[in-house]
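Here is how the chains run, residue by residue.
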Amino acid sequence: MIQFDKEILSNGLTVLVHQDFSSPLVAMNILYKAGARDEHPDKTGFAHLFEHLMFGGSINIPSYDEPLQKAGGDNNAFTSNDFTNYYLTIPANNIETAFWLESDRMLSLAFNEKSLEVQRNVVVEEFKQRYLNQPYGDAWLQLRPLAYKVHPYQWATIGKDISHIENASLDDVKMFFNKYYLPNNAILCLSGAITTNEALALCKKWFQPIAAGKNIQRNIPVEPQQNEKRIKNIESHVPVNALYKAYHCCARNDADFYATDILTDVLSRGKSSRLYTKLVKEQKLFSNLNMYMLGEIDKSMVVADGKINPGITHQEAEDALTFECNTLIKQSVEMQELQKIKQQVEAGIIFGEMGIANKALNLCYYEMLGNAADVNQQAQKYLDVTTDMLMQTAKQIFNENNASTLYYHAIQS
Amino acid sequence: MNRTIQPQLKTIEQIKIIEAEKMLLDNGIPLYQIHAGTQELIKIEIIFPAGDLHQPIGVIASATAHLIDDGTSKYTSAQIAERFDFYGASIETGNDYHECTITLYVLNKYLEPCLQLLAEIITEAAYPVTEIESFVQRQKQNLIVNNEKVDYVARKQFKQALFGNHPYGATPELADFDALTRSDILKLHSSNYQWQSATIVAAGFITPSIIQTINKYLGAFTSNTTPIVQPDAAFKTIAIPKPQQQYFKKENAIQAAIRIGCLMVNRNHTDFKTLMVLNTAFGGYFGSRLMRNIREDKGYTYGINASLVSNLNAGNLVIATEVGQEVLADALEQIYFEMDRITNEPLPDMELDLVKQYMQGAFLRSLDGPFALAQRFRTLLSNNLSYAYYYQYLEVLQNVTPGQLLAMAQKYFNKQNMVQVVAGG
């Protein structure tokens with residue numbers, strides 16, 4: 001249970017406050033509703049490149065990190081397909097430095113060529129380090145465009161192609177900022193050793209003067225229903241054969257989100273899950289195998305990825321995986337197994353609420369989805385899932401015409 | 001309101017660390033408890049002296065730790081997993097050079113059934129042959145994947161170059177897994193997983209009834225009479241490696257992984273705390289000299305850092321990064337340039353102030369919540385240190401001068417002593 005207060009400032013900025021005086025720190029989390037799905041197909045990777053530029057100095061403050069570190073603070077950020085999130089923690093008595101820094105970069109960035117040039121290079125190295133220079137690092141660059149033909153989830157946050165980053169201009173960057181980095185497109189949460197009154201007073205002082213911008217109209221194309229099995233073979237210098245299989249599933253706010261999540265838990269949560277006990281331990285088809293839901297805002301994916309043991313064909317491995325998925329359509333999950341998952345979910349939620357930074361992120365995330373108060377309804381929504389709902393949902397998802405599969409074939413170098 | 005001026009900074013108030021309290025269970029095992037946090041959950045670590053230094057060869061210590069929850073005479077691995085999963089609990093097992101740790105994460109309300117099972121598993125671990133085989137196969141597959149990563153290759157070769165034949169220099173080889181036998185595992189389990197040598201650390205929402213439960217299930221055991229295997233006395237000393245430069249070719253690599261470092265004093269040496277400040281300024285945080293030069297100014301890398309690694313018998317410095325293959329030569333040059341700079345010029349006061357403030361904040365963050373507090377305590381426990389160590393560290397963070405840091409740099413950051421390993425295309 002996370003208690004919080006909420007207020008929307010006159011410029012549209014949503015403010016959430018969670019008081020926790022068991023910590024000597026305060027966490028400030030700012031979520032901007034701008035992710036890779038908001039990018040133009042010819043300028044992908046922008047939301048993420050932009051995240052880097054947010055550390056290159058703002059209109060009145062040449063350096064972001066130094067003053068924060070001087071105040072004993074630390075920070076980081078991440079970009080997803082749906083949003084970009086910035087968070088910091090700082091000793092409570094220096095919290096005003098966080099307001100000063102974050103409000104200035106919401107106001108405007110410094111936008112200089114040198115910072116853009118350097119961050120373009122850093123992101124290109126990140127692209128290489130994470131996506132190109134790792135075995136299977138390109139899996140998401142391959143899988144997303146196989147599964148999505150029109151929706152922007154067809155590219156990963158790093159972008160479709162390295163050239164989009166290399167060619168990013170200062171004007172492109174400014175346009176992105178002016179469109180999305182607005183108080184009325186952001187959610188701010190303070191969590192930790194701060195009272196609601198103090199937090200709101202500081203918000204009004206530092207953030208309220210920032211002018212609201214035009215409300216964002218999103219016209220994100222809807223992915224049509226997939227009606228054919230899609231496969232792609234990749235011959236690559238990977239050490240062992242592998243497969244990645246993606247099924248389309250519901251959107252985050254759809255009613256069957258919770259049933260979908262429990263399905264992937266039945267299959268793949270913990271060492272007693274079906275895929276691990278049957279396909280990894282008993283049948284020894286995979287050396288590891290995971291299945292999870294991405295849980296994105298728009299219609300998302302359930303993905304299985306596994307490394308196949310020597311002497312096992314892709315077909316044998318995939319057939320066994322499909323068999324386990326199909327069992328969920330044909331046979332009801334036992335009550336004991338469902339209860340196990342629900343108790344795992346309960347523990348996961350309680351452990352996940354440890355620490356002021358996690359609580360601040362959770363509140364912002366649920367506010368983005370529609371209502372921060374829903375963070376406290378999650379456990380109940382999982383408890384409400386029935387075995388019938390699981391069968392219904394499994395039937396919609398586990399269908400070969402709804403699947404896209406990558407087969408990695410290891411070539412010996 | 002003037003947005004160009006930073007709000008008045010306040011110094012971090014007196015830091016008070018929530019300390020672990022020691023008590024003895026009925027059978028004399030020490031239990032250290034840390035009561036903190038607001039949620040009714042708990043983490044229990046059970047520690048045995050069964051690290052890599054206690055094994056005759058290969059991967060016995062890690063197999064013994066990893067496979068401990070994979071079967072007893074009564075339960076199969078799957079039944080055990082099912083039981084813990086049913087209560088939403090999780091078990092982590094692992095080892096380092098000196099110790100193995102079995103960790104239980106559980107909601108308070110399910111502690112009793114989980115702890116009962118855990119105690120039974122540790123005592124009765126059967127190490128079924130099929131589980132060992134499956135472990136070996138999975139670990140070999142992982143190793144084959146890791147061997148393709150320049151980052152892994154550089155890390156492995158660097159350890160080897162620095163520590164030679166000492167266990168600190170070893171990383172698992174495929175052959176070690178092939179050589180693993182059940183009797184090796186059983187032998188280490190029976191000698192070094194004895195309750196008389198166990199230490200328990202419990203952190204979270206601790207109540208008297210939690211303590212009672214721990215005592216009920218862990219305080220009743222007596223030990224067998226097998227002598228505990230102690231590490232070879234020769235492992236106490238570490239030979240100083242020759243300065244060297246090695247290159248490992250990895251076809252098709254588009255980035256090169258760099259490791260540079262040397263042996264160093266460890267946490268038990270009086271210089272260590274001051275060295276921590278020096279190392280942070282050099283490469284230990286986002287605003288460090290290495291990051292500013294090689295990432296923020298040149299854009300050669302996604303990240304670079306320098307760390308001080310402290311083990312019981314030795315410490316070492318390691319600088320780690322991955323850079324574009326085409327900028328490798330200059331990246332190396334810049335790393336040594338920064339090493340020269342920090343040994344030749346005192347840190348400007350402004351820069352040092354920033355580092356000190358940052359490190360005090362980081363220390364405060366490292367005390368946030370029961371699990372973090374437990375981690376801080378483990379560091380003390382493993383190194384036979386008391387909480388005075390952290391209070392002295394805080395004093396150093398407040399008082400250290402540029403002159404002291406320069407002396408440290410000249411004493412320890414010597415370019416001529418460095419071991420350099422690169423794995424790349």
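Scroll up for the structure.
Everything quoted here is computed from the prediction, not taken from an experiment.

Things to note about the side chain of Asp38(A)
Residue and element names in this part refer to chain A.
Turning to step 1, where the next piece is worked out: By the element assignment, Asp 38 lies in the loop between β3 (25-32) and α1 (46-53).
Turning to step 2, where the next piece is worked out: Judged by relative accessible area, Asp 38 falls into the buried class, the value being 12%.
Turning to step 3, where the next piece is worked out: Of the polar contacts made by the side chain of Asp 38, one reaches the side chain of Arg 218; its length is 2.7 Å.
Turning to step 4, where the next piece is worked out: The contacts of Asp 38, once residues within four sequence positions are left out, are Lys 33, Asp 82, Tyr 180, Arg 218 and Ile 220.

Structural notes on the pattern of salt bridges
Turning to step 1, where the next piece is worked out: In the structure shown here, the tally under the stated rule is 45 salt bridges over all chains.
Turning to step 2, where the next piece is worked out: Across the pair Asp20(A) and Lys359(A) runs a salt bridge, and its minimum N-O distance is 2.9 Å. Highlighted residues: Asp20(A) in the loop between β2 (14-19) and β3 and Lys359(A) in helix α13 (residues 356-369), separated in sequence by 339 residues.
Turning to step 3, where the next piece is worked out: By relative accessible area, which is 6% here, Lys359(A) ends up buried.
Turning to step 4, where the next piece is worked out: We note a salt bridge from Arg295(B) to Glu296(B), for which the minimum N-O separation is 2.7 Å.
Turning to step 5, where the next piece is worked out: Classification of Arg295(B) by relative accessible area gives buried; the value is 8%.
Turning to step 6, where the next piece is worked out: Via salt bridges that share partners, Lys271(A), Lys281(A), Asp69(B), Asp70(B) and Glu131(B) belong to a single interconnected network.

Focus on the packing of helix α9 (residues 272-284) of chain B against helix α12 (residues 349-365) of chain B
Geometry of a packed helix pair, given as the angle between the helix axes and the separation of the axes.
Residues and elements named next belong to chain B.
Turning to step 1, where the next piece is worked out: The interhelical angle for the contact between α9 and α12, taken along N-to-C directions, is 110°, at an axis separation of 10 Å. Considering the angle they form, α9 stands roughly perpendicular to α12. For the pair α9 and α12, contact is made by Met 276, Val 277, Thr 280 and Ala 281 and by Leu 352, Val 355, Tyr 358 and Met 359, respectively.
Turning to step 2, where the next piece is worked out: In terms of residue class, the contact of α9 with α12 is made up of seven nonpolar, one polar and no charged.

Looking at empty space enclosed by the protein
Turning to step 1, where the next piece is worked out: Applying the stated criterion to the full structure yields four cavities of 30 Å³ or more.
Turning to step 2, where the next piece is worked out: Here the largest cavity defines a volume of roughly 70 Å³.
Turning to step 3, where the next piece is worked out: If you go around the largest cavity, the residues you meet are Leu53(A), Gly56(A), Gly57(A), Leu109(A), Ala110(A), Phe111(A), Asn112(A), Ser115(A), Leu116(A), Leu170(A) and Val173(A).
Turning to step 4, where the next piece is worked out: For the lining of the largest cavity, the secondary-structure elements that each account for two or more residues are α4 (113-132) and α7 (170-180) of chain A.
Turning to step 5, where the next piece is worked out: Counted by class, the lining of the largest cavity contains seven nonpolar, four polar and no charged residues.
Turning to step 6, where the next piece is worked out: Approximately 50 Å³ is the volume attributed to the second largest cavity.
Turning to step 7, where the next piece is worked out: Val280(A), Lys284(A), Phe286(A), Ser287(A), Asn309(A), Ser134(B), Gln137(B) and Arg138(B) together form the lining of the second largest cavity.
Turning to step 8, where the next piece is worked out: Sorting the residues of the lining of the second largest cavity by element identifies β9 (286-293) of chain A together with α4 (129-146) of chain B as the ones contributing at least two each.
Turning to step 9, where the next piece is worked out: Looking at which element gives the most residues to the lining of the second largest cavity, the answer is α4(B), with three residues.

A few points about the state of the cysteines
Residues and elements named next belong to chain A.
Turning to step 1, where the next piece is worked out: One pass over the structure, following the stated rule, counts zero disulfides over all chains.
Turning to step 2, where the next piece is worked out: For Cys 189, which is in no disulfide, the shortest distance to another cysteine sulfur is to Cys 364 and amounts to 4.9 Å.
Turning to step 3, where the next piece is worked out: Note on Cys 189: relative accessible area 0%, which makes it buried.
Turning to step 4, where the next piece is worked out: This cysteine, Cys 325, is not joined by any disulfide, and Cys 249 carries the nearest cysteine sulfur, 12 Å off.
Turning to step 5, where the next piece is worked out: Judged by its relative accessible area of 0%, Cys 325 is buried.

Thoughts on the interface of chain B and chain A
Turning to step 1, where the next piece is worked out: Listed per partner, the contact involves 71 residues of chain B and 76 residues of chain A.
Turning to step 2, where the next piece is worked out: For the pair chain B and chain A, the summed buried surface comes to about 6,400 Å²; carbon and sulfur atoms form 55% of the total.
Turning to step 3, where the next piece is worked out: When the buried surface of chain B facing chain A is broken down by residue, Arg3(B), Phe86(B) and Tyr302(B) rank first, second and third, together holding 13% of it.
Turning to step 4, where the next piece is worked out: There are eight salt bridges connecting chain B and chain A.
Turning to step 5, where the next piece is worked out: The shortest N-O distance in the salt bridge between Lys281(A) and Asp70(B) comes to 3.9 Å.
Turning to step 6, where the next piece is worked out: For the pair chain B and chain A, the number of links is 35 residue pairs in polar contact (both at pLDDT 80 or more).
Turning to step 7, where the next piece is worked out: In terms of residue class, the side of chain B that touches chain A is made up of 31 nonpolar, 20 polar and 20 charged.

Examining the packing of aromatic side chains
Residues and elements named next belong to chain A.
Turning to step 1, where the next piece is worked out: Counted by the stated rule, this structure contains 42 aromatic pairs over all chains.
Turning to step 2, where the next piece is worked out: Taken together, a centroid distance of 5.7 Å and an interplanar angle of 50° make the contact between Phe 127 and Tyr 131 tilted. Taken together, the positions of Phe 127 and Tyr 131, both in helix α4 and four residues apart, correspond to about one turn of that helix. No difference in accessibility class separates Phe 127 from Tyr 131, as the two residues are buried.
Turning to step 3, where the next piece is worked out: Through successive ring pairs, a cluster of aromatic residues spans Tyr 32, Phe 46, Phe 50, Phe 55, Tyr 64, Tyr 86, Phe 111, Phe 176, Phe 177, Tyr 180 and Tyr 181.

Rules behind the numbers
Residues numbered from 1 in each chain as written. Chains lettered and ligands numbered in written order. Predicted model: local features only at pLDDT ≥ 70, side-chain atom pairs only at ≥ 80, totals over all residues. Heavy atoms only, no water. Helix = DSSP H or I, 4+ residues; strand = E, 2+ residues; numbered from the N terminus. Buried < 20%, exposed > 50% of the residue type's maximum accessible area, 1.4 Å probe, protein only. Polar contact = N/O pair within 3.5 Å; in protein donor to acceptor, adjacent residues only side chain to side chain. Contact = heavy atoms within 4.5 Å. Salt bridge = Lys/Arg side-chain N within 4 Å of Asp/Glu carboxyl O. Axes fitted to C-alpha atoms, helices over the stretch in contact; angles between N-to-C directions. Parallel < 35°, antiparallel > 145°, perpendicular 65-115°, else oblique. Nonpolar A, V, L, I, M, F, W, Y, C, P; charged D, E, K, R; others polar. 1 Å grid on protein atoms, 1.4 Å probe; cavity = no way out; pocket = protein on both sides within 12 Å on 5 of 7 lines; lining within 4 Å. Points joined across faces, edges and corners; volume = space filled by probe spheres on them. Disulfide = S-S within 2.5 Å. Buried area = accessible area lost by both parts, 1.4 Å probe. Phe/Tyr/Trp six-rings, centres within 6.5 Å; stacked < 30°, edge-to-face > 60°.

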